[in-house]
Protein chains: 2
Amino acid sequence: MLQQSVPSQQNQHFNSFVTRTNTCGELRAAHVGQKVTLYGWVQYQRQGLFLVLRDFQGLTQVIIPQDEAHSHVKELLSNAPLESVVRVTGTVSPRPSGQENPKMPTGDIEVKAETAEILNSCKKLPFEIKDFIKKSEALRMQYRYLDLRSCRLQSALRLRSRVVMRMREYLCNLHGFVDVETPTLFKRTPGGAKEFLVPSREVGKFYSLPQSPQQFKQLLMVGGMDRYFQVARCYRDEGSRPDRQPEFTQIDIEMSFVDQAGIQRLIEGLLQHSWPEERGSIMTPFPSMTYEEALADYGTDKPDTRFGMKIVDISDVLRGSNIHFVQNALSYPHGSIRAICIPQGVRYLTNKDLGSLKESAKSQFNQEIMEIICRPDGSLKSLLTKFLGEKEQSELIRALNMEEGDVVLLAAGEHKQCSALGALRLLSANLLEAAGLALRDPTAFHFLWVVDFPLFLPKAENPTELESAHHPFTAPHPSDVSLLYSDPTKVRSQHYDLVLNGNEVGGGSIRIHSAEQQRFVLEKVLKEDSEVLSHLIEALEFGAPPHGGIALGLDRLISLIVDAPSIRDVIAFPKSFRGRDLMGNAPDYVTPEELEPYHIQVSWPLEEKEAKKN
Amino acid sequence: MLQQSVPSQQNQHFNSFVTRTNTCGELRAAHVGQKVTLYGWVQYQRQGLFLVLRDFQGLTQVIIPQDEAHSHVKELLSNAPLESVVRVTGTVSPRPSGQENPKMPTGDIEVKAETAEILNSCKKLPFEIKDFIKKSEALRMQYRYLDLRSCRLQSALRLRSRVVMRMREYLCNLHGFVDVETPTLFKRTPGGAKEFLVPSREVGKFYSLPQSPQQFKQLLMVGGMDRYFQVARCYRDEGSRPDRQPEFTQIDIEMSFVDQAGIQRLIEGLLQHSWPEERGSIMTPFPSMTYEEALADYGTDKPDTRFGMKIVDISDVLRGSNIHFVQNALSYPHGSIRAICIPQGVRYLTNKDLGSLKESAKSQFNQEIMEIICRPDGSLKSLLTKFLGEKEQSELIRALNMEEGDVVLLAAGEHKQCSALGALRLLSANLLEAAGLALRDPTAFHFLWVVDFPLFLPKAENPTELESAHHPFTAPHPSDVSLLYSDPTKVRSQHYDLVLNGNEVGGGSIRIHSAEQQRFVLEKVLKEDSEVLSHLIEALEFGAPPHGGIALGLDRLISLIVDAPSIRDVIAFPKSFRGRDLMGNAPDYVTPEELEPYHIQVSWPLEEKEAKKN
């Protein structure tokens, strides 16, 4: 009896509790002569001579016996449709010399079948499994159980399981974290417009499926749980949004008596510990950047730092020029002129590309873009050059680090030109790569902390009012606490985001642990009704320890690790982007009788009501 | 950097990433002379002389400095209200000779405070924490975050986390299982009357929160996932039922190419591996009993085998007697006379006890009970004795293994007398124990497999129709397959229950993997519309491997391990038996505007509608 925990995969007993002797990926030359029993799916069969058996671990070639004594076995195996499930017992033999397949881990051997059984026959497939990837995603989702047999999904889901297990070992076994499950049937949080509702049997009362265990994890800290984590199912009803799922998973962590640096070191250690070996190793500590720097240099709070092309402020270079739009922009308090330099843009970007970049800045950000091209002789070509002296031109070249063949995109404005340039930076990187320039190393993983976010942001619909940049429980930066009472817009927070290759993969903060401060933020700054959160504020009055935490988006993190285009590729049964399960057909209609215990009825639009009547 | 997984608790680093040097349970004589920093809650404070600091790991005595130079520290610590959170830095000193506390792990030392900080003051508690357990459960649930500080809940939740982690190590690291998350937003299953509904943004369409991942785990097998497990959140809307929760957790397992014995050995190994050392060890394999035996011997399908008092069929002993009700009962096809013998019932049961036992059989089972007492001289006292000859009396004594002072409860009937006697057996065991007889070892854990359940049972409301004894995916017993088509009532299933000390803690089965058989069961035997399950039946046609699995009820299992009276004691934030969260006040009312995106409205009863208007 194995009683010790063995973290390494090699010691896994895949054949315990079943009657197979080996998996289909296991047999090697060393097994020659052994009698084995394999179970698997018929991947391929040729003229009654041999077949290839597949399971989750690999492929094994099975030789169909041709002698009279085994005619029954031959008949069974020759006639088994592809993807049928069979049991084969036979002897491991070396492949005839010259017929070894070095590309196949089991390519040195074959199994000479002696007995066999068809455990389940497969009817005609709606498509060939190997072509499956080319089929529409809708079809693949309808037959998800067939797509799951693909190497792609098998390995993604197995890697996911392995990474999460390593994370648990790190948190639980090494650092004393406690895995605590929190409820998913709770109540609506203020502003929880994206929370699914669950009708209860009490008339008019609804549970809500929380977007995260935020309140519970803080209450666990008040409850002295000290170090909590959970692989938490979360829910968000965002209607149809690409690459979002109505339910998703986060690695949810909270600690008492910790500061921002403590959480950051914890997460760096966590990722390093759980990082799959086949994806290389990651360096810690991760670099850090303030929100302000990120916006200024990359035009986004989740910069892709795998490549340069940073945004450069060239206001000072152009300040002396006599260009109308420049002078106009600089006359505003926050006005500036900024630019990005696209390396070898002349060679890799077509005029159409440049047009579409400018068009996209216009349509998405209402931002005009001016271009400057560095000619092969080093001179600049632009509508601007005639307004610029030689000194200004060479200053511009130096400021932007321009080289021959580069293309500069320039934007003037007060605020949004950074976001526009940040978007153009990513679009041009994609265009450059599509055209063949190796800009980003596809095997590189660039983690980055973004810190010092503002605590509050002006509301989009009414900029004189403030809303939380993240959530109302985020603590102010220790240096900015007094500003909370004088000028809340200036307060930085103790929020931190973890960014990987330009994707936000985590975020967290040190939380407010003073009831008085929490009440002030909710009532005075955010002007919210604190009543719905009264249980949390009251809890802070009963000896809440200082605490903080973080949540990692597991689906996104895994999809980046396996380089999958969508989080749907790392979820066993994902929903379509409209939130539908195409295999089981969910959501679905229910009868009025089924709604009765919940005291609700459907508000049918008039025409549908009429249609239902007829 | 620690890179290796360490299963043992001793190697946990509770102080990583924070500025404390030690927890409050850690310091020993060996630490004397060290400067330490502790964080914790003020458990006790006495006359400005010392205080006791508490965290999740234990208690440490802190000496408040009395000299002028530390007057600030003295003031802080003397005035900190109980349950305030403080940081203390000081030097570990041995306690003065004779003042050591051997009951306290840190009882050899004390910490002489040098600096201190009140991190958060606690307002007056609604009750003293130490009295808390005596308070009403409703009050404790309202202030759950305070109750969580109790040693009872801290240790239960930490043990739960530890046990689950060991289970994961066993499944994932040792036996190659893959942890796969399955959706909780799915669609209503046939007969899923207990499934919560979640309105979607599509008019009239609802998701459903599944009662288990049953369909998904079977589809994972079809998808070649081979060995799946998940610590799965499940949902069941049963209205108000004692000791049930609307959301609960199960250890959900499924394997391909496995038989019943394989699953049983897996689970025995799983429990043995994860069993907490402080609860002793458990022996494997677990004993096994057929459903029929369990009903006959214990009157229930989840027998508590920690004590005897089995039901004995005494029909043959009494067959020759001239007792009217006996002859009447035996004239029916399944008629029998059965009895249990309560050891030392004369001494430990009062007449009132006996009366209440009989009354309960009458009210719950409509079953008359006759009693027989074995007098100190070995003779029998009963209304029956005058009808029984000496030979019959001594046969009765032998059959029931009666000794002086025992009390026999006897029931005649056709079916339900076993259930009645099974219930009386448990009630009398409780009465005997309450009266001081040590019947069951409170530290004993008796696991038991119950097998060979019937596949179908007559419907309660219409006994000519059949329903699944467990669920429609359960495979028939291999020996009974042909009966499926001729006499389905006689078919035993490949279902197995795991029983611990008389509680069902798990259940599973080998599943049907033939589409034809599955369709037959659904359509011909159960007369159900198989359309809602068409995706599952279709999946069986595409090469579904033979498979089976099990689910363990984690909440119940942990509550039995820690000997807690309710599953609420092993859940961090449980709901009340009416399904309410008393701390956060869920479920709650929502506005009609919040319902709008989901196209539903509340069907208010008329009077409430009127009340709302006014």
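Residues numbered from 1 in each chain as written. Chains lettered and ligands numbered in written order. Predicted model: local features only at pLDDT ≥ 70, side-chain atom pairs only at ≥ 80, totals over all residues. Heavy atoms only, no water.

1. Structural notes on the sheet that holds strand 12 (residues 312-313) of chain A
Residue and element names in this part refer to chain A.
And step 1. What the five strands build is an open sheet, ordered 12-13-16-14-15; its pairing is antiparallel. A strand with exactly one partner marks an edge of an open sheet, and here the two such strands are strand 12 and strand 15 (380-381).
And step 2. For strand 14 (residues 370-374) and strand 15, the ladder comprises two bridges, and the chain directions are antiparallel. From the neighbouring strand, I373 faces strand 15, where its bridge partner is K381.
And step 3. Its contacts with the sheet put helix 13 (residues 417-434) on strand 13 (336-342) and strand 16 (407-413), and the angle it makes with strand 13 is roughly 5 degrees. (Pairing = 2+ DSSP bridges. Helix = DSSP H or I, 4+ residues; strand = E, 2+ residues; numbered from the N terminus. Contact = heavy atoms within 4.5 Å. Axes fitted to C-alpha atoms, helices over the stretch in contact; angles between N-to-C directions.)

2. Examining the packing of aromatic side chains
And step 1. Applying the stated criterion across every chain, the model contains 36 aromatic pairs over all chains.
And step 2. A centroid spacing of 6.3 Å and a plane angle of 85 degrees characterise the contact between W449(A) and Y496(A), whose relative ring orientation is edge-to-face. Here the residue W449(A) occupies a position in strand 17 (residues 447-451), and Y496(A) occupies one in strand 20 (residues 495-500), the gap between them amounting to 47 residues.
And step 3. Its relative accessible area of 0% is what places W449(A) among the buried residues.
And step 4. When its relative accessible area of 0% is taken as the criterion, Y496(A) is described as buried.
And step 5. Each ring, one from Y291(B) and one from F453(B), has its centre 5.0 Å from the other, and the planes form 40 degrees; the classification is tilted. Remark: F453(B) occurs in the loop between strand 17 (447-451) and strand 18 (456-458) and Y291(B) occurs in helix 7 (residues 291-298); sequence separation between them is 162 residues. You'll find Y291(B) and F453(B) in the same group, each marked buried. (Phe/Tyr/Trp six-rings, centres within 6.5 Å; stacked < 30°, edge-to-face > 60°. Buried < 20%, exposed > 50% of the residue type's maximum accessible area, 1.4 Å probe, protein only.)

3. Considerations on the domain arrangement of chain A
Many authors give the size of an interface as the accessible area that is lost as the parts come together.
And step 1. Partitioning chain A into structural domains gives domain 1 (18-120), domain 2 (153-286 + 446-570) and domain 3 (307-434).
And step 2. For domain 1 of chain A and domain 2 of chain A, the distance between their C-alpha centroids amounts to 50 Å. (Domains from an automatic or database assignment.)

4. What about the confidence of the model for chain A?
And step 1. For chain A, the mean per-residue pLDDT works out to 93, and 96% of the residues sit at or above 70.
And step 2. When the criterion is pLDDT under 50, residues 1-9 of chain A qualifies, and its contacts beyond four places in sequence or with other chains add up to 25 contacts. (pLDDT = per-residue confidence, 0-100.)

5. Observations regarding the relation of the copies chain B and chain A
And step 1. The two copies are related by a screw operation: chain B maps onto chain A through 180 degrees of rotation and 0.0 Å of translation along the axis, at an RMSD of 0.1 Å. Read as a symmetry element, the transformation amounts to a two-fold axis.
And step 2. Mapped onto chain A, 100% of the interface residues of chain B again fall at the interface, so both copies present the same surface. (Least-squares fit on C-alpha atoms with pLDDT ≥ 70 in both.)

6. Quick word on a negative patch on the surface
And step 1. A cluster of acidic side chains, namely E523(A), E528(A), D529(A) and E531(A), defines a negative patch on the protein surface.
And step 2. For D529(A), the position within the fold is in the loop between helix 15 (515-525) and helix 16 (534-541). (Patch = residues over 30% accessible without salt bridge, like charges linked within 9 Å, V, L, I, M, F, W, Y side chains within 5 Å. Areas by Shrake-Rupley, 256 points an atom, 1.4 Å probe, with all protein chains shown as cover. Salt bridge = Lys/Arg side-chain N within 4 Å of Asp/Glu carboxyl O. Lys, Arg positive; Asp, Glu negative; His and termini not counted. Charge placed at Lys NZ, Arg CZ, Asp CG, Glu CD.)

7. Here we look at the sheet that holds strand 6 (residues 178-179) of chain A
Residues and elements named next belong to chain A.
And step 1. With mixed pairing, the eight strands of this open sheet are ordered in space as 6-9-10-22-21-20-17-11. Strands with a single pairing partner mark the edges of an open sheet, and in this sheet they are strand 6 and strand 11 (288-290).
And step 2. The pairing of strand 11 with strand 17 spans three bridges and is parallel. Bridge pairing in strand 17 links S288 to W449.
And step 3. Where helix 6 (residues 260-274) meets the sheet, its contacts fall on strand 10 (247-256), strand 17, strand 20, strand 21 (503-510) and strand 22 (547-553), and the angle it forms with strand 17 comes to roughly 165 degrees.
And step 4. Packing of helix 7 (residues 291-298) onto the sheet brings it into contact with strand 11 and strand 17, and relative to strand 11 it is tilted by some 85 degrees.

8. So, the pairing of strand 21 of chain A
Residue and element names in this part refer to chain A.
And step 1. The buried count for strand 21 comes to six of eight residues, which makes it a mostly enclosed element.
And step 2. Here six bridges tie strand 20 to strand 21, and the two strands are oriented antiparallel to one another. Within the sheet, the bridge partner assigned to H495 lies in strand 21 and is S509.
And step 3. Relative to strand 22, strand 21 is paired through five bridges, and the arrangement is antiparallel. If you follow G506 over to strand 22, its bridge partner there is L552.

9. A closer look at the packing of helix 15 of chain A against helix 16 of chain A
Residue and element names in this part refer to chain A.
And step 1. Look at helix 15 against helix 16: their axes get within 8 Å of each other, and the N-to-C directions meet at 150 degrees. Relative to helix 16, the element helix 15 lies roughly antiparallel. For the pair formed by helix 15 and helix 16, the contact residues are A515, Q518, R519 and L522 on the first element and I537, L540 and E541 on the second. (Parallel < 35°, antiparallel > 145°, perpendicular 65-115°, else oblique.)

10. Structural notes on helix 6 (residues 260-274) of chain B
All names here are of chain B.
And step 1. Over its 15 residues, helix 6 runs 21 Å from end to end, which matches the ideal 21 Å to within 8%, given 1.5 Å per residue.
And step 2. Helix 6 sits mainly inside the fold: twelve of its 15 residues count as buried.
And step 3. Every buried residue belonging to helix 6 is among Q260, G262, I263, Q264, L266, I267, E268, G269, L270, L271, H273 and S274, and all of these are buried. (Expected span 1.5 Å × (residues − 1).)

11. Remarks on the interface of chain B and chain A
And step 1. With 143 residues of chain B at the contact, the number on the chain A side is 144 residues.
And step 2. Both faces considered, chain B and chain A share a buried interface measuring about 12,900 Å² in area, 58% of it formed by carbon and sulfur atoms.
And step 3. Taken as a group, F17(B), F257(B) and F542(B) account for 7% of the area that chain B buries against chain A, more than any other trio of residues on that side.
And step 4. If you look at where chain B meets chain A, you find 17 salt bridges.
And step 5. Ionic pairing is found between K123(A) and E538(B), a salt bridge with its closest N-O pair at 3.9 Å.
And step 6. Examining the composition of the side of chain B that touches chain A, we find that 13 residues originate from one element, helix 4 (residues 151-174) of chain B, more than from any other.
And step 7. The class makeup of the residues in the side of chain B that touches chain A is 71 nonpolar, 40 polar and 32 charged.
And step 8. Pairing geometry for strand 8 (residues 205-208) of chain A and strand 23 (residues 588-589) of chain B, over two bridges, is antiparallel. Its bridge partner lying in strand 23 of chain B, K205(A) is registered against Y589(B). (Buried area = accessible area lost by both parts, 1.4 Å probe. Nonpolar A, V, L, I, M, F, W, Y, C, P; charged D, E, K, R; others polar.)

12. Here we look at the nonpolar core
And step 1. If you look at the biggest cluster of nonpolar residues, it comprises 192 residues, and the most contacted ones within it are I253(A), I267(A), F447(A), I253(B), I267(B), L271(B) and F447(B).
And step 2. The contacts of I267(A), once residues within four sequence positions are left out, are I253(A), W449(A), L498(A), I550(A) and L552(A). (Core = buried A, V, L, I, M, F, W, Y, C linked by side-chain atoms within 4.5 Å.)

13. Describing the pattern of salt bridges
And step 1. Evaluation of the coordinates by the stated rule reveals 93 salt bridges over all chains.
And step 2. One salt bridge connects E541(B) with K123(A), and the closest N-O pair in it is separated by 2.9 Å. Of the two residues, E541(B) is situated in helix 16 (residues 534-541) and K123(A) in the loop between strand 5 (109-120) and helix 2 (137-142); the pairing between them involves two chains.
And step 3. Residue E541(B) is classed as buried on the basis of its relative accessible area of 19%.
And step 4. Of the charged contacts in the structure, one is a salt bridge between E169(B) and R166(B), with a shortest N-O distance of 3.8 Å. In this pair, E169(B) and R166(B) both sit in helix 4, three residues apart, roughly one turn of the helix.

14. Brief notes about helix 15 of chain A
Residues and elements named next belong to chain A.
And step 1. Buried within helix 15 we find A515, Q517, Q518, V521, L522 and V525.
And step 2. On its buried face, helix 15 is in contact with strand 18 (456-458), strand 19 (466-468), helix 14 (483-486) and helix 16.
And step 3. Among the residues trailing helix 15, K527 stands out with phi positive, at a value near 55 degrees.

15. Some points on unusual backbone geometry
Residue and element names in this part refer to chain A.
And step 1. Going from A586 to P587, the amide bond is cis rather than trans, its omega being -5 degrees.
And step 2. Mapped onto the secondary structure, P587 falls in the loop between helix 17 (554-561) and strand 23 (588-589).
And step 3. Positive phi, close to 50 degrees, is recorded for N366, a residue that is not glycine.
And step 4. Along the chain, N366 falls in the loop between helix 11 (351-365) and strand 14.

16. A few points about the pairing of strand 9 (residues 227-235) of chain A
Residues and elements named next belong to chain A.
And step 1. Most of strand 9 is tucked away: nine of the nine residues are buried.
And step 2. Burial along strand 9 is two-sided: the residues R227, F229, V231, R233 and Y235 and Y228, Q230, A232 and C234 are all buried.
And step 3. As judged from the two bridges shared by strand 6 and strand 9, these two strands associate in the parallel manner. Bridged to V178 within strand 9 is Y228.
And step 4. Note that strand 9 and strand 10 share nine bridges and pair antiparallel. Its bridge partner being in strand 10, R227 is matched across the sheet by M255.

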